[in-house]
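# Summary of the model geometry
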Amino acid sequence: MVSMKDISVACGVSVATVSKALNDHKDIGARTKERIRQTAKEMGYFPNSAAQALKTNRTYNIGVLFVDEAMSGLTHDFFSYVLDSFKRTAEEHGYDITFINCSKNGKNRMSYLEHTKHRGFDGVVIACIDFGDPEVIELIQSDVPVVTIDHLFNNRIAVMSDNVNGMRQLFTFIYEKGHRKIAYIHGEDSAVTQSRVSSFYKTSKELGVEIPDEYVRQAAYRNTKEAYDRTVELLDLPDPPTCILYPDDFASFGGINAIQERGLRIPDDISVAGYDGIRVARHIEPKLTTLKQDTERIGYEAAEHLISLIEEPRSTLVQVIMIGGEVLEGHTVRDLNMH
């Protein structure tokens with residue numbers, strides 16, 4: 001393995017000069033610095049990360065705490081795209097990311113905070129987890145720099161998809177297509193669900209749309225079986241809706257199957273809309289109308305704010321960063337104004 005001493009011999013300078021050049025100190029001339037760096041590169045020198053960590057008190061490693069109730073992991077379309085954006089942004093700043101062990105099994109299993117300390121993570125991003133878990137609370141209340149995605153804690157930076165405005169945009173779009181009998185199959189109880197459901201009712205009230213209790217039902221996120229069952233229940237009502245909103249695009253596939261099995265056509269006989277804007281929903285026929293969340297920006301903002309918190313803790317503001325979305329008009333919502 002090439003050492004700084006090897007580079008110093010090759011360049012005819014002291015080890016201290018090599019160290020200063022590689023660490024970009026300003027008291028080394030530009031030409032000397034460039035010569036040393038070029039020599040180091042040609043010799044295949046890589047700094048020892050453990051030694052760097054001792055010197056800088058930083059490992060350049062960020063922990064990712066991520067698990068969802070359906071245990072879909074990185075196949076979870078929305079969060080996989082968010083985390084991909086987070087990873088790319090972190091790597092541009094020279095950071096690696098490592099997943100925190102979320103398994104509750106195992107003899108020597110550590111808590112989330114213990115794992116974070118053990119690995120020496122500079123900070124942690126938390127997404128799609130039971131935020132009421134005592135281990136999550138312990139991590140949140142520690143001195144570790146933390147950014148949460150789609151959940152708000154006091155005194156912690158949070159990057160949030162604007163679920164209130166997102167639902168308002170989607171509901172208003174459907175309303176403007178002439179629909180007044182609008183049903184909503186929402187996800188299980190969470191901060192995201194509460195925001196969307198409240199916005200659903202608030203927007204309906206503002207637009208003068210009456211929502212019967214039987215039009216609002218619950219199915220787990222990304223659960224096609226439950227979405228299928230709830231859709232059957234809605235179709236069996238004496239006065240069924242003309243449009244059904246689903247908790248997410250993936251779940252909507254279950255509802256679409258239920259509708260098609262009845263011999264009904266989308267959108268001629270009934271309309272549907274999803275939420276998220278996952279790529280596969282743009283490739284089914286008919287193309288799904290949905291609210292696209294900006295996964296690229298959510299991941300980018302989470303990484304930028306966490307790294308700022310790590311590197312500039314005194315000047316980084318604790319704030320909520322709200323990221324808007326947009327309605328993607330597909331072919332699953334019929335325009336009743338034309339009929």
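Throughout what follows, the structure given in this document is the object of discussion. Source: prediction; values computed, not measured.

## Some remarks on helix α1 (residues 4-11)
Listed in full, the buried residues belonging to α1 are I7, S8 and C11. Looking straight down α1, one finds its buried side chains confined to an arc of 100 degrees; they lie on one side. α1 presents K5, V9 and A10 as exposed residues on the side facing more than 90 degrees away from its buried surface. Contacts from the buried residues of α1 go to α2 (15-22) and α3 (30-43). Remark: G12 follows α1 within two positions and exhibits a positive phi of approximately 70 degrees.

## What to know about the packing of helix α5 (residues 77-92) against helix α12 (residues 295-311)
Taken N-terminus to C-terminus, the directions of α5 and α12 make an angle of 45 degrees; their axes are 7 Å apart at the nearest point. Taken together, the axes of α5 and α12 are oblique relative to one another. In the crossing of α5 with α12, the sense of the turn from one axis to the other is right-handed. Facing α5, whose interface residues are F78, Y81, V82, S85, F86, R88, T89 and A90, α12 presents T295, E296, I298, G299, Y300, A302, A303, E304, L306 and I307. Among the residues making up the contact of α5 with α12, the classes are represented as 11 nonpolar, 4 polar and 3 charged.

## Side note on empty space enclosed by the protein
Summed over the entire model, instances satisfying the criterion amount to 1 cavity of 30 Å³ or more. Quantified by volume, the largest cavity comes out at close to 40 Å³. If you trace the largest cavity, you find it lined by H76, D77, F78, R222, D248, D249, F250, D276 and I278. Breaking the lining of the largest cavity down by element, the ones donating at least two residues are α5 and α11 (249-261).

Parameters at a glance
- Residues numbered from 1 in each chain as written.
- Predicted model: local features only at pLDDT ≥ 70, side-chain atom pairs only at ≥ 80, totals over all residues.
- Heavy atoms only, no water.
- Buried < 20%, exposed > 50% of the residue type's maximum accessible area, 1.4 Å probe, protein only.
- Helix = DSSP H or I, 4+ residues; strand = E, 2+ residues; numbered from the N terminus.
- Arc of directions from axis to C-beta.
- Contact = heavy atoms within 4.5 Å.
- Axes fitted to C-alpha atoms, helices over the stretch in contact; angles between N-to-C directions.
- Parallel < 35°, antiparallel > 145°, perpendicular 65-115°, else oblique.
- Left-handed = near helix turned anticlockwise from the far one by under 90°.
- Nonpolar A, V, L, I, M, F, W, Y, C, P; charged D, E, K, R; others polar.
- 1 Å grid on protein atoms, 1.4 Å probe; cavity = no way out; pocket = protein on both sides within 12 Å on 5 of 7 lines; lining within 4 Å.
- Points joined across faces, edges and corners; volume = space filled by probe spheres on them.

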